[in-house]
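Analysis of the macromolecular model
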Amino acid sequence: MFNNTELFKAAFIEQLVSRLGKSLEEATAGDVYQILGVLVRERIGRHWAQTNETYKKQQEKQVYYFSMEFLIGRLLGNNLLNLGVLDTVRDGLLDLGWDFQEIEEQEQEAGLGNGGLGRLAACFLDSLASLQYAGHGCGIRYKYGLFEQKIVDGHQVELPDNWLQKGYVWEERRADKRIEVSFWGRVEISEENGRTIFKTADDEKIWAVPYDIPIIGCGRPHVNTLRLWSAESAVDPAKLRVHGEDGYYKFLDYNRSVESISEFLYPDDSRYEGKLLRLKQQYFLCAAGLQSVLRTFEKLGLPYSQLPCKVAIHINDTHPTLTIPELMRILIDEKGYGWDEAWDITIRTVSYTNHTLLSEALEKWPVQMVRELLPRVYMIIEEINKRFCGMLLERYPSQPDAVSQMAIIENDQVKMAHLAVVGSYSVNGVARLHTELLKQDVMKPFYELFPHRFNNKTNGITHRRWLLHANPELGVAISESIGTAWIESPHQLLELEPFKDDPAFRDKCMSIKRGNKLRLAEYIRQKQGASVDPDSIFDVQVKRLHGYKRQLMNILHIMHLYNDIKDDPAAERVPRTYIFGAKAAPGYYLAKCIIKLIHVVADAVNKDPQMKGKLQVLFLENYSVSLAEKIIPAADVSEQISTAGKEASGTGNMKFMMNGALTIGTLDGANVEMHQLLGDDNIFLFGLRSEEVQDYYKYGGYLARDMYERDPRIKRIIDQLVSPGPFCCHELEFGVIRQSLLDHNDEFFVLRDFGDYAKTQAAVDRAYLNPQAWAAKSVINIARSGHFSSDRTIRLYASDIWKIQPVGRQLEG
Ligand code: 26V
């Protein structure tokens, strides 16, 4: 039906009539979207089943990526791209009078993640399927995704993201595969034939119902599954005899509390809070996911000692760590294994990725909460801890500190990262620097104990979404120059490098960039009425708002530029448009103040006639995957300016590089590896190195107030935060920002790095003045970005951690 435009159009019209009873003239854009979804599902249904059959027949080892977040974004365009029919569909729709972009916009995006961690999970699924690995996702089907951000008078307001409101074409509810999950209760211990039996009584049972989303690989028919769990009441209302008003309300309460488990995604990242509902969500995912994994495994008819050969469970950060004691519980209580054998199976099945070094993000659950909610699981955690501490005591008999430092349960808290390291065979960081810091600092004693478990897997991004789909013209230009092999083997983008000296290719790249900038400008005009100069440098910082990411340094620098222009209005300037996009966690007050500050500065700058043609500042509301796809291809400059040692990897940095933006950044996360690939000439580095930052934290010696007193530029902007003038804000005290910098000694070294940042930004201006040299650098960035395809990352996870191979070509046909 997609083989050529005519066939597609015929199939499309036929579905429109038979499904919706509408003629072409009556169809809305929403209808067109719906029908395309149906057509895609029909086309892949057979391949989906075939993929699963092949797995079964060949007894393939299956990887399950357990994650509380999957930031999938829209699927229509990417699915058509991966099926190789995007152009056919686009042309066919055009014949029928529809613009494909308008149709794509109909899709409510699945924003089931906060940021980097969830988006990484989504990129990994795309690579797993495209490389034909047997790898699936396992997550939660939140009724509400990450909140929608509205800006009202410069303040962030959060609205619920009711993404399922109109239904979701890509999911398949599989009620027959539902699974029982139980909470609360008490453990009854008894003896049977000399064995100790553990049973949980008076527990509360609920259903986990799976909704499956097909994950369509690129190029070949290969379809994996993302299984998202939804919580449903396990009380059958038909059988329920409700006694009186009281019983009725009790039933409603129970229902509400069950459904709340998969109701919403917690909107915090990088800050842990010990909320009961979040713990329930985590256990819900682990328990449902595991049972469903084991169900599939049991069909092979193998003993559980074979589990590690047939199943790999990967936990995305510590959020799904309860998988470890839950697997122990099933093996011991339900399958009758002894402790040692169960432990051996468990730690050979589970692997773990750490995504953060921030101590405030490390999960620690209060013992009492875990014990009450999950009594049997808690007993097992206690036993794991007891045995682990016993081993530590033997190993470090004279160092009682070592034991308390590494214990899983300490100070009435369960430390999930410790449980994850102890209960898995592989622990990886997400960029080289990050892994080194894990080994040498945050997890040092664990590294000394289990050196072979630790490894690095530098993050990646799918070039299919972030280059081919988001920047199709660039994709075509690349293929016209070096052929299409790079699409399958993105490292072959390197062949583009010689074209940096080809004036025609450079012009082509620059004109594509300009086109992307014009499109973004048009979006901005429509959304907020601002007109943007496409010939200015588009300087972009888009990511979650967080102290360590230092949006504050960026906006303070813009205030400084404003002052500078005011002081010398006649001086020549390279025009720049600063673009921000960022959501703040709803309870993160300082982050919200920074959003307000960006708006206040934007207001002052944009309305000042002296700034015209020189400086403009924009904040784009509701940063999301689909907005990222519009912004990133239009960027000239990518801001990756976190305090060194704080950003585990970053993945936005890679997306910008792949789209030809030049990075201004610190030597943090994967920027370090970008720098190594690019050399000093093709990236703008500044700021403290991570060792210098560590030394300040360890030995002191930094006084933010000195910076303020010694650097008149800094003094001026900081004073402007709290005094009448262009950046004065009556509704809100920017005093807290000033306090965080001066009274709390500038935790993230904003003022310390300010001078170097300003100097480096000036160097960016100078570089932009030579368009040919700039274009050459941009081409080099694109050419060397293939390294950051998540295909590379996934191949390494597959070979080093999961020990799996691509399923091969037997699926074809
Ligand atoms: C923590 C919490 C705390 C409790 C509430 C919900 C929640 C959600 C997420 C997190 C952990 C966030 C960790 C994270 O997103 N790390 C990012 O991972 C990216 C992918 O590896 C990486 O590129 C970023 O540098 C890193 O910040």
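Residues numbered from 1 in each chain as written. Predicted model: local features only at pLDDT ≥ 70, side-chain atom pairs only at ≥ 80, totals over all residues. Heavy atoms only, no water.

Observations concerning the pattern of salt bridges
Tallying each qualifying case throughout the model produces 55 salt bridges. Ionic pairing is found between E326 and R329, a salt bridge with its closest N-O pair at 2.9 Å. Remark: R329 and E326 occur in helix α10 (residues 323-334); sequence separation between them is three residues, near one turn of the helix. Three or more residues joined by partner-sharing salt bridges are found here, namely D340, E383, K386 and R387. (Salt bridge = Lys/Arg side-chain N within 4 Å of Asp/Glu carboxyl O. Helix = DSSP H or I, 4+ residues; strand = E, 2+ residues; numbered from the N terminus.)

Section: the nonpolar core
Ranked by internal contacts, the top residues of the largest apolar core, which has 201 residues, are F12, L36, L93, V181, F284 and W802. If you tally residues by element for this core, the top one is helix α8 (residues 276-298), at 12 residues. If sequence neighbours within four positions are ignored, F12 has contacts with L24, V32, I35, L36, L39, L93 and L96. Residues V574, Y588, L751 and A767 belong to the second largest nonpolar core, which totals 65 residues. (Core = buried A, V, L, I, M, F, W, Y, C linked by side-chain atoms within 4.5 Å. Buried < 20%, exposed > 50% of the residue type's maximum accessible area, 1.4 Å probe, protein only. Contact = heavy atoms within 4.5 Å.)

What to know about the site of the ligand
Among the 21 residues in the neighbourhood of the ligand, the closest are listed as D268, H355, N459, E647 and G650. Between an oxygen atom of the ligand and a side-chain N or O atom of Y548, the distance comes to 3.3 Å. One nitrogen or oxygen atom from the main chain of S649 is found 3.0 Å from an oxygen atom belonging to the ligand. Surface burial for the ligand is 96%, taken as the share of its 590 Å² of free accessible area covered by protein chains. The greatest single-element share of the shell around the ligand, amounting to three residues, is contributed by helix α6 (residues 116-130). Looking at the shell around the ligand, its residues break down into six nonpolar, nine polar and six charged. (Near = heavy atom within 4 Å. Polar contact = N/O pair within 3.5 Å; in protein donor to acceptor, adjacent residues only side chain to side chain. Areas by Shrake-Rupley, 256 points an atom, 1.4 Å probe, with all protein chains shown as cover. Nonpolar A, V, L, I, M, F, W, Y, C, P; charged D, E, K, R; others polar.)

What about the environment of L597?
Examined against the element boundaries, L597 turns out to sit in helix α23 (residues 589-607). Assessed through its relative accessible area of 0%, L597 is described here as buried. Among all residues touching L597, those that are not within four sequence positions of it are L552, I555, M559, L721, F734 and I737.

What about the layout of surface pockets?
Each pocket or cavity is described by its volume, and for the second largest pocket that value is around 780 Å³. Lining of the second largest pocket is provided by 28 residues; of these, N52, Y64, K177, R227 and T296 occupy positions nearest its centre. When residues of the lining of the second largest pocket are traced back to their parent elements, those giving at least two are α2 (29-57), β1 (62-66), β4 (135-140), β12 (223-233) and α8. Partitioned by chemical class, the residues of the lining of the second largest pocket number nine nonpolar, nine polar and 10 charged. (1 Å grid on protein atoms, 1.4 Å probe; cavity = no way out; pocket = protein on both sides within 12 Å on 5 of 7 lines; lining within 4 Å. Points joined across faces, edges and corners; volume = space filled by probe spheres on them.)

Section: empty space enclosed by the protein
Per the counting criterion, the structure on display carries three cavities of 30 Å³ or more. The computed volume of the largest cavity comes to approximately 160 Å³. At the level of elements, α3 (76-83), α6 and β11 (204-216) are the ones that each hand at least two residues to the lining of the largest cavity. The residue makeup of the lining of the largest cavity, split by class, is seven nonpolar, four polar and three charged.

What to know about the packing of aromatic side chains
Each aromatic ring pair is specified by the distance between its two centres and by the angle formed by the two planes. Per the stated rule, a full pass over the model turns up 24 aromatic pairs. Seen in terms of ring centroids, F264 and Y266 are 4.9 Å apart; in terms of plane orientation they differ by 45°. Their pairing is tilted. Classification of Y266 as buried rests on a relative accessible area of 13%. If you follow R178 out to its NZ or CZ, it ends over the ring of W207, 3.6 Å from the centre. (Phe/Tyr/Trp six-rings, centres within 6.5 Å; stacked < 30°, edge-to-face > 60°. Lys NZ or Arg CZ within 6 Å of the ring centre and 35° of its normal.)

Notes on the UniProt feature "modified residue: N6-(pyridoxal phosphate)lysine" (unreviewed entry) in the chain
Summarizing the sequence annotation, UniProt attributes the feature "modified residue: N6-(pyridoxal phosphate)lysine" (unreviewed entry) to K655 in the numbering used throughout. Tracing the sequence through the fold places K655 in helix α25 (residues 652-658). Under the relative-accessibility criterion, K655 is labelled buried at 8%. Ignoring sequence-local partners within four residues, the contact set of K655 consists of R119, I461, W466 and I632. (UniProt positions renumbered as here; feature names shortened; annotations may be inferred.)

Some words on the sheet that holds strand β24 (residues 662-665)
Ordered in space as β22-β21-β20-β23-β24-β25, the six strands form an open sheet in which the pairing is parallel. Where the open sheet ends on each side, the last strands, each with one partner, are β22 (615-619) and β25 (684-685). Bridge analysis of strand β23 (residues 637-640) against β24 gives four bridges, and the strand direction is parallel. Counted as the bridge partner of E639 is I664 from β24. (Pairing = 2+ DSSP bridges.)

Here we look at the packing of helix α19 (residues 472-482) against helix α21 (residues 503-528)
At their nearest, the axes of α19 and α21 sit 10 Å apart, and the two run at 170° to each other. Between α19 and α21, the angle is such that the two are roughly antiparallel. Across the interface between the two elements, E473, L474, A477 and S481 from α19 touch F505, K508, C509, I512 and R519 from α21. Among the residues making up the contact of α19 with α21, the classes are represented as five nonpolar, one polar and three charged. (Axes fitted to C-alpha atoms, helices over the stretch in contact; angles between N-to-C directions. Parallel < 35°, antiparallel > 145°, perpendicular 65-115°, else oblique.)

Side note on helix α33 (residues 790-802)
With 13 residues, α33 extends only 16 Å from end C-alpha to end C-alpha; this falls clearly short of the ideal 18 Å at 1.5 Å per step. Buried within α33 we find S790, D791, R792, T793, I794, Y797, A798, I801 and W802. Regarding α33, its N-cap is S789, as a side-chain oxygen of that residue lies 3.0 Å from the backbone nitrogen of D791 further along. The first or second residue beyond α33 is K803, which carries a positive phi of 55°. (Expected span 1.5 Å × (residues − 1).)

Brief notes about a positive patch on the surface
Among the surface-exposed residues, K56, K177, R295 and K299 lie close enough to one another that they form a single positively charged patch. Within the secondary structure, R295 is located in helix α8. Residue R295 is classed as partly exposed on the basis of its relative accessible area of 39%. (Patch = residues over 30% accessible without salt bridge, like charges linked within 9 Å, V, L, I, M, F, W, Y side chains within 5 Å. Lys, Arg positive; Asp, Glu negative; His and termini not counted. Charge placed at Lys NZ, Arg CZ, Asp CG, Glu CD.)

Quick word on the pairing of strand β8 (residues 179-183)
Every regular strand shows the same layout, with side chains that alternate between the two sheet faces. A one-sided burial pattern is seen for β8, the buried positions being I179, V181 and F183 and the unburied ones E180 and S182. Bridging between β8 and β11 involves five bridges; their strand directions are antiparallel. In the sheet register, I179 faces β11, and the bridge partner there is A208.

A short note on the pairing of strand β18 (residues 426-429)
Burial of β18 is two-sided: the residues S426 and N428 facing one way and the residues V427 and G429 facing the other way are all buried. Pairing analysis gives three bridges linking strand β14 (residues 350-353) to β18, with the strands arranged parallel. Paired with Y352 across the strands is V427, a residue of β18. Bridge analysis of β18 against strand β19 (residues 454-456) gives three bridges, and the strand direction is parallel. Paired with G429 across the two strands is N456, which belongs to β19.

Describing helix α1 (residues 5-20)
For α1, with 16 residues, the first-to-last C-alpha span of 22 Å sits near the 22 Å given by 1.5 Å per residue. Those residues of α1 lying buried are F8, K9, A11, F12, Q15 and L16. Along the long axis of α1, the arc covered by the buried residues comes to 165°, so they all point the same way. In α1, those exposed residues whose orientation departs by more than 90 degrees from the buried face are E6 and S18. Tucked inside the fold, the buried residues of α1 contact α2 and α4 (86-95). A side-chain oxygen of the first residue of α1 lies 2.9 Å from the backbone nitrogen of E6; this N-cap is N4. Backbone geometry just downstream of α1 places G21 in the positive-phi region, at approximately 60°. (Arc of directions from axis to C-beta.)

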